[in-house]
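Inside the fold
If you want the building blocks of each chain, they are given just below.
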Amino acid sequence: MLSGRRLDLLDPSPLDVEIEDIAHGLARVARWNGQTSGEAIFSVAQHSVLVCDIFAAQEPEADAATRMMVLLHDAPEYVIGDMISPFKAVIGENYKAIEAGLLSAVHRRFGLPPLTPALVKAATKKADKVAAFLEATQLAGFGIEESCRIFGDPRPLPAAMRETHLTPLPATEAKQLFLQRFAALSS
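First, a word on what this report is: a plain description of the structure on this page. Nothing here was measured: the structure is a model prediction, and the numbers come from that model.

Within the secondary structure, Arg5 sits in the segment before helix 1 (19-27). Apart from the residues within four sequence positions on either side, Arg5 is in contact with Leu15, Asp16, Glu18 and Asp21. Reaching out from Arg5, the side chain makes a polar contact with the backbone oxygen of Leu15 at a distance of 3.3 Å.

A separate point is unusual backbone geometry. The residue after Arg155, namely Pro156, is reached through a cis peptide bond having omega 0°. Look at Trp32: it is not a glycine, yet its phi comes out positive at around 60°. One can find Trp32 in the loop between helix 1 and helix 2 (44-58). The backbone of Asn33 sits at a positive phi, close to 50°, despite the residue not being glycine. Tracing the backbone through its elements, the reader meets Asn33 in the loop between helix 1 and helix 2. Asn33 sits in the exposed class, given a relative accessible area of 54%.

Our focus in this paragraph is helix 2. Taking 1.5 Å per residue, 15 residues should reach 21 Å; helix 2 reaches 21 Å between its end C-alpha atoms and fits that length. Taking burial as the measure, the 15 residues of helix 2 include eleven buried ones, the bulk of the element. Residues of helix 2 that are buried include every one of Val44, Ala45, Gln46, His47, Ser48, Val49, Leu50, Val51, Cys52, Ile54 and Phe55, and no others. In this structure, the buried residues of helix 2 make contact with helix 1, helix 3 (64-71), helix 4 (77-80), helix 7 (118-138) and helix 9 (171-186).

Turning our attention to the side chain of His47. Mapped onto the elements of the fold, His47 is located in helix 2. Within polar-contact distance, the side chain of His47 engages the side chain of Asp128 at 2.7 Å. When neighbours within four sequence positions are excluded, His47 is seen to be in contact with Arg31, Phe42, His73, Asp74, Asp128, Ala131 and Glu135.

Turning our attention to the pattern of salt bridges. Under the definition given, this model contains seven salt bridges. Measuring nitrogen to oxygen at the nearest pair gives 2.7 Å for the salt bridge that ties Asp153 to Arg155. Classification of Asp153 as partly exposed rests on a relative accessible area of 43%. Each of Arg5, Glu18 and Arg109 takes part in salt bridges that share partners, so that together they form one network.

Quick look at a nonpolar patch on the surface now. The grouping of Ile84, Phe87, Val90 and Ile91 at the surface amounts to a nonpolar patch, some 390 Å² of accessible area in total. Within the secondary structure layout, Val90 lies in helix 5 (residues 85-91).

Turning our eyes to something else, we now look at helix 8 (residues 144-151). For helix 8, the set of buried residues is Ser147, Cys148 and Phe151. Summarising the axial view, the buried residues of helix 8 lie within an arc of 100°, below the 170-degree limit, and thus occupy one face. Seen from the buried face of helix 8, the exposed residues on the opposite side, beyond 90 degrees, are Glu145 and Arg149. Looking at the buried side of helix 8, the elements it contacts are helix 7. Of the residues one or two after helix 8, Gly152 is the one with positive phi, at around 90°.

With that settled, consider the packing of aromatic side chains. In this structure the tally under the stated criterion is four aromatic pairs. With a centroid separation of 5.9 Å and an interplanar angle of 85°, the aromatic rings of Trp32 and Phe151 are classed as edge-to-face. One end of the pair, Trp32, is in the loop between helix 1 and helix 2; the other, Phe151, is in helix 8, and 119 residues separate them in sequence. Residue class for Phe151 comes out buried when judged on its relative accessible area of 18%. Note on Phe142 and Phe151: the rings are 6.2 Å apart at their centroids and 50° apart in plane angle, and the pair reads as tilted. We classify Phe142 as partly exposed; its relative accessible area is 22%.

The rules behind the values
Residues numbered from 1 in each chain as written. Predicted model: local features only at pLDDT ≥ 70, side-chain atom pairs only at ≥ 80, totals over all residues. Heavy atoms only, no water. Helix = DSSP H or I, 4+ residues; strand = E, 2+ residues; numbered from the N terminus. Contact = heavy atoms within 4.5 Å. Polar contact = N/O pair within 3.5 Å; in protein donor to acceptor, adjacent residues only side chain to side chain. Buried < 20%, exposed > 50% of the residue type's maximum accessible area, 1.4 Å probe, protein only. Expected span 1.5 Å × (residues − 1). Salt bridge = Lys/Arg side-chain N within 4 Å of Asp/Glu carboxyl O. Patch = residues over 30% accessible without salt bridge, like charges linked within 9 Å, V, L, I, M, F, W, Y side chains within 5 Å. Areas by Shrake-Rupley, 256 points an atom, 1.4 Å probe, with all protein chains shown as cover. Arc of directions from axis to C-beta. Phe/Tyr/Trp six-rings, centres within 6.5 Å; stacked < 30°, edge-to-face > 60°.

Printed below as a string of structure tokens:
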């Protein structure tokens, strides 16, 4: 990692996880394999903040630790990249085990439960699908009907998300956005 840490993918230690490394990596990983409109990629860092915003709109009573788990839901991708779900299924259990081990190390590093509680995981998945719908229709060239068929129909969108217009940010700005959200949830 740029921080100088060496992360063992098969046995990741929380001591080797740094938020700067996560933010840097996620800001440089493209959602949709880069097949989006705009000068910059729509990064996993931006996606993570978007999912956190959607979750907060859907679950306004959630505490900061829960929101932090949502923000970090794709944190393993700072090391292993973003793969589409059908490809993850083809790769199978080895991929899932590595991803779960990384997420557990990330959680433990920041004082969160090693495993995301089932209710939080389900609510995160729901927010993630809304984010995918918005990304698909605003950035990836999908029509509304096609997106509804693939991701489910999220309408009506949470009030806070109805006017959301996604704009891909340069990596440095996406990294800063992610770090600012992390800092706000940490305080």
